[in-house]
Each structure stands twice: as C-alpha cells, then as structure tokens.
Amino acid sequence: MMEQVITVNNVNKLYKGFQLDDVSFSINKGFITGFIGPNGSGKTTMIKLLMNLIKYDTGDIQVFGMDHIKHSQEIKERIGFVYAENHYYEHLTIADIKRAIAPFYKNWDEEAFQRNINHFRLPLKKKLKQFSTGMKMKLSIAVALSHHADLIIMDEPTSGLDPVVRREILQLLTEIMQDEDKTIFFSTHITTDLEQIADYITFINNGKIIFNKEKDEVFEDYQIVKGSNKYLTENIRQLAIGIKETDVGFEALTNDKKSMNALLGPNVMFERATLDDIMFYTNRSVQYV
C-alpha cells in the first residue's frame, strides 16, 4: 500500500458565494500530483488550507500522518512552498533573502542553496526588482529545495513564464523526482505541463473533487466523441458529461466509452480527451455555438 503524504477528509469551507464542499483526496509519496480546475474552483483555497494559512469549518487534514494544525511548525519545516507570485521584498538581493530565510529552517543546507543558485545562474548581488518573472520563480524553487523539503507545494509555478524557462522548470521537477522520497503537489491552469510530468491528477470544480486518480487512468476513462447531430439522441445526451453542438455536428465528453460505442458503433469518432477538454466540458455542461 502506498504511503500518503497528504490526506484530506470531508473538508468544508464556506464563503459568501462559494463553498469547498465535503472535499476528500490523498497525495501519494514519491509522485507528482497535478491539481487542476477552472478559476474560482477552489484550488487556491485548498492550498491555503493545506498550508494552515486559513481554517476549515469542518473536516480533517493530515500531512505526513500528523494533524496539520497541531503540528503546523513541524510540518512546515518539511514543506517547500512555491508561490505563483514573488513574495519577497523587491529591494532585497538574493544574499539578503537567504540571510532572512535560512534561520527558519533547521535543515537549511548552504551548499545546496549555492548549488541551486548557480544551477539557475542567478546573481547574488542584484536586487529582485531587476529580476524577470522567470528568475523570481527560479529563486523560489531554489529556496524550496535548499532545506531538504520532503513535500513541495507549487501554486501556478509556470504561469507567465516563456516556453524556454517553463521547460527548464519542468525538467528540474523531473530531476527532483529521481529522489523517491520527494513529493510534488502542483497547481496549474497550464494542463499541458501536467500531461508531460504528472503521475496523478486531482480535479476540483465548483468546490467539489471530480476525481483524484492516476493520469493514465484519466486518459483511459475520458474520451471525446464526434459525430453527426442525427445521432445525438436522448440516450447519448445522458452519457455525455458535456456537449458542444454546431450546424455540422456535435462533440461531447464521456467517461463511458463502452456504452457510447455500443449505441453509436462506427457512426462516430472517438479521440483521446485532453485535460483541457475534461475541464471545459465538466465546467460547461452544454454550449451552443
């Protein structure tokens, strides 16, 4: 049985106009889990709960097998948190930031920090206000990797980066996972990144977990079906998670290809659904264009 680094059980958090609704999922040790969902679906709220930055109303969260509130300090020692945006003061240099951050971690490794900074070719004496978005993200990752974190939580780490820097960071994450004791929880709206590197996908929509499963299983379960509108019967509509209709035909998402195939046979075409397809059709059940 796999060891679980994060276990979320029946968590609820109510805001005006939004609710995390009975959320349950787990993150397995030694893998990259991608966390996807449309804007406003609850991704950021869930990450803030995991980091004990906000409190849930009901439920339970365990990290490393410990209550994440009672053992918050001990848990955070073992987490590297990479934010979507820079949270360091712009007038500081990397050397200044290191002096401020290092004392907070018992396992701070100066040699690892210098190695990471050199790997990313980051200037120690240049102020952050002179850094590009990609350089700031590399700094955040370098810091996260310099205290031997067992769990790395990343909130939109590749957002706003050019393709070259994005590829560099994805390659680095792949290299990190050569250490089977490391675990990465990676929130992003750039789903093609996850299709490249993730082992598991957790999908949240409108405050509810839609699925939490292996990436390969997701792509086996979900299919796009395309065909003429004359085949779009009520039975087909019932089997579709979401449908897009045009004058020339329909396109639908299903997670029951067997039943769809039994009803439609060779009259339609089945294609592999992307993570974008899955989010789009789940979030918008029917769209007319």
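Residues numbered from 1 in each chain as written. Predicted model: local features only at pLDDT ≥ 70, side-chain atom pairs only at ≥ 80, totals over all residues. Heavy atoms only, no water.

Moving on, we come to the overall build of the protein chain. In terms of helices and strands, the protein chain carries 11 helices and 15 strands. Counting the 289 residues in the protein chain, one finds 51% classified as buried. Of the contacts formed within the protein chain by residues at least 6 apart in sequence, a portion of 68% connects residues at least 24 apart. Only carbon and sulfur atoms are counted for the fraction: they give 47% of the accessible area of the protein chain, which is about 14600 Å². Within the protein chain, one finds 34 positive and 39 negative side-chain charges whose respective centroids are separated by 6 Å. (Helix = DSSP H or I, 4+ residues; strand = E, 2+ residues; numbered from the N terminus. Buried < 20%, exposed > 50% of the residue type's maximum accessible area, 1.4 Å probe, protein only. Contact = heavy atoms within 4.5 Å. Areas by Shrake-Rupley, 256 points an atom, 1.4 Å probe, with all protein chains shown as cover. Lys, Arg positive; Asp, Glu negative; His and termini not counted. Charge placed at Lys NZ, Arg CZ, Asp CG, Glu CD.)

Two numbers describe a pair of aromatic rings. These are the distance of the centres and the angle of the planes. A complete count under the given rule lists nine aromatic pairs for this structure. When the ring of F25 is compared with that of F185, the centres are 6.1 Å apart and the planes differ by 20 degrees; the resulting orientation is stacked. With F25 in strand 2 (residues 18-28) and F185 in strand 8 (residues 183-187), the pair connects residues that are 160 residues apart, well separated along the chain. Classification of F25 as buried rests on a relative accessible area of 5%. Consider the rings of F81 and Y83, whose centres lie 4.3 Å apart with planes at 40 degrees: the pair is tilted. Owing to a relative accessible area of 15%, F81 belongs among the buried residues under this scheme. For Y83, a relative accessible area of 31% puts it in the partly exposed group. Of the aromatic side chains, those joined through ring pairs into one cluster are F25, F35 and F185. The ring of F64 carries the charged tip of R78 above its face, separated from the ring centre by 3.8 Å. If you follow R272 out to its NZ or CZ, it ends over the ring of F219, 3.8 Å from the centre. (Phe/Tyr/Trp six-rings, centres within 6.5 Å; stacked < 30°, edge-to-face > 60°. Lys NZ or Arg CZ within 6 Å of the ring centre and 35° of its normal.)

Before going further, it helps to spend a moment on helix 5 (residues 133-144). In a regular helix each residue adds 1.5 Å, so 12 residues correspond to 16 Å; helix 5 covers 17 Å between its end C-alpha atoms and thus fits that length. Counting buried positions over the 12 residues of helix 5 gives 11, a clear majority of the element. Taken as a whole, helix 5 has its buried residues at G134, M135, K136, M137, K138, L139, S140, I141, A142, V143 and A144. (Expected span 1.5 Å × (residues − 1).)

Across the sheet, which stays open at both edges, the four strands sit in the order 2-1-4-5 with antiparallel pairing between neighbours. Among the strands making up the open sheet, the edge pair consists of strand 2 and strand 5 (66-67). Pairing of strand 1 (residues 4-15) with strand 4 (residues 58-63), which is carried by five bridges, proceeds in the antiparallel orientation. Following the sheet pairing, N9 is matched in strand 4 by D60. (Pairing = 2+ DSSP bridges.)

Let us look at the packing of helix 4 (residues 110-119) against helix 5. Orientation of helix 4 relative to helix 5, taken along the N-to-C sense of each, is 155 degrees, at an axis distance of 9 Å. The angle between the axes of helix 4 and helix 5 places the two elements in the roughly antiparallel class. For helix 4 against helix 5, the interelement crossing comes out right-handed. Across from F113, N116 and I117 in helix 4, the residues of helix 5 making contact are L139, A142 and V143. A class-by-class count of the residues in the contact of helix 4 with helix 5 yields five nonpolar, one polar and no charged. (Axes fitted to C-alpha atoms, helices over the stretch in contact; angles between N-to-C directions. Parallel < 35°, antiparallel > 145°, perpendicular 65-115°, else oblique. Left-handed = near helix turned anticlockwise from the far one by under 90°. Nonpolar A, V, L, I, M, F, W, Y, C, P; charged D, E, K, R; others polar.)

This part covers the side chain of K215. Tracing the sequence through the fold places K215 in helix 8 (residues 215-221). D216 is the oppositely charged side chain nearest to the buried, salt-bridge-free K215, at an N-O distance of 5.1 Å. At 3.0 Å, the side chain of K215 forms a polar contact with the backbone oxygen of A198. K215 has contacts with L194, E195, Q196, I197, A198, D199, Y200 and I201, leaving out every residue within four places of it along the chain. (Salt bridge = Lys/Arg side-chain N within 4 Å of Asp/Glu carboxyl O. Polar contact = N/O pair within 3.5 Å; in protein donor to acceptor, adjacent residues only side chain to side chain.)

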